[in-house]
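# Structural overview
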Amino acid sequence: HGGAKLGKTTFASMADKPFFIITEDGQENIDVEGTPLLHEWMDVMEAAEFLAEGKHEYKTLVLDSMDWAEKLLHAYIAAKDKKASIEDFGYGKGYTFALEEARRLLNVMNYCRNERNMEIIVICHSKVKTFNDPLGASYDRWQMKLHEGLGKALVEWADVIGFAQIKASTVTETKADFGKTKRNYVLQNDRRVLHLAPSPGFEAGSRYPMPAEIELDYDVFAAELKKARGL
């Protein structure tokens with residue numbers, strides 16, 4: 001997960017024989033095989049089930065992206081019960097129904113991984129959200145741009161959670177206006193990284209002994225993952 005136009009789709013496109021389940025625009029300039037742009041949740045499920053049960057030679061399932069797929073999911077749940085929106089169920093019930101349906105997709109992807117020996121890559125955008133730390137003060141951090149229930153389920157499900165970022169440094173300059181005026185300047189470069197270790201500033205982590213930070217490059221990631229798995 002990460003901000004827009006960081007190279008998340010390009011990263012996933014370098015995986016072994018990927019098939020993209022596409023729920024948002026952005027692949028026009030990248031040569032990938034996959035679905036057309038999907039507009040219905042059941043089309044997302046149908047594509048995943050094809051990879052689970054159909055005859056193909058793809059080695060990687062890529063969902064691009066989960067947050068746009070969640071929009072389709074919420075529309076599907078609302079339409080099933082003839083509601084105007086998922087909020088119309090009241091008391092969070094709509095989101096509970098949506099999470100139950102989302103777990104069906106996670107189960108299909110589990111089948112692809114366990115029975116079809118496929119790698120699974122789920123792309124998601126990020127948002128800044130306040131994290132209420134029960135052991136200390138609350139603070140803002142980058143998290144996946146998902147409803148809380150699905151976000152937690154995805155974190156529990158994934159083996160590796162990476163946060164993509166353009167590496168930048170900040171310089172503070174103090175002006176001579178009575179020594180009180182400060183300005184922060186961001187010195188940005190094109191180094192794009194993938195964080196793989198937990199941090200107060202962003203959601204990341206791994207079940208494997210991965211480096212805390214690597215280049216946002218699939219070949220680098222695959223090599224580290226292979227080493228971590230002892231392969």
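Residues numbered from 1 in each chain as written. Predicted model: local features only at pLDDT ≥ 70, side-chain atom pairs only at ≥ 80, totals over all residues. Heavy atoms only, no water.

### Some details on the overall build of the chain
The cut-off we apply is this: In this description a helix means any DSSP run of H or I spanning at least four residues, a strand means any run of E spanning at least two, and both kinds are numbered starting from the N terminus. The rule is simple: take the accessible area with a 1.4 Å probe, protein chains only, and divide by the maximum for that residue type; under 20% is buried, over 50% is exposed, in between is partly exposed. Every residue pair with non-hydrogen atoms within 4.5 Å of one another is taken to be in contact. In this description, accessible areas are obtained by the Shrake-Rupley approach with a 1.4 Å probe, and a residue is regarded as covered only by the protein chains that are shown.
What the chain contains, in helices and strands, is six helices and eleven strands. Of all 231 residues assigned to the chain, the portion counted as buried reaches 41%. In the chain, of all internal contacts separated by at least 6 residues, the share reaching a separation of at least 24 is 59%. Summed over its atoms, the accessible surface of the chain is roughly 13500 Å², and 50% of this surface lies on carbon and sulfur atoms.

### Focus on the packing of aromatic side chains
How we decide: Only centres within 6.5 Å qualify two rings of Phe, Tyr or Trp (six-membered ring in Trp) as a pair; their planes then separate them into stacked at under 30 degrees, edge-to-face at over 60, and tilted for everything else. The criterion for a charge sitting over a ring is simple: Lys NZ or Arg CZ within 6 Å of the ring centre, and within 35 degrees of the ring normal.
Here the structure, examined in full by the defined rule, presents nine aromatic pairs. The ring of Phe-89 is capped by Lys-83, whose NZ or CZ atom sits 5.5 Å from the centre of that ring. Over the ring of Phe-131 we find Arg-141, and its NZ or CZ is 5.0 Å from the ring centre.

### Re a negative patch on the surface
As a reminder, the rule being used: What goes into a patch is any residue over 30% in relative accessible area without a salt bridge, connected to like charges within 9 Å or, for nonpolar side chains (Val, Leu, Ile, Met, Phe, Trp, Tyr), within 5 Å. Put simply, a salt bridge is a Lys or Arg side-chain nitrogen that is within 4 Å of an Asp or Glu carboxyl oxygen. The convention is simple: Lys and Arg are positive, Asp and Glu are negative, and His and the chain ends are not counted. Every charge is mapped onto a representative atom, which is NZ of Lys, CZ of Arg, CG of Asp or CD of Glu.
On the surface, a cluster of negative charge is contributed by Glu-40, Asp-43, Glu-46, Glu-49 and Glu-53. Locating Glu-49 in the fold gives a position in helix H2 (residues 41-53).

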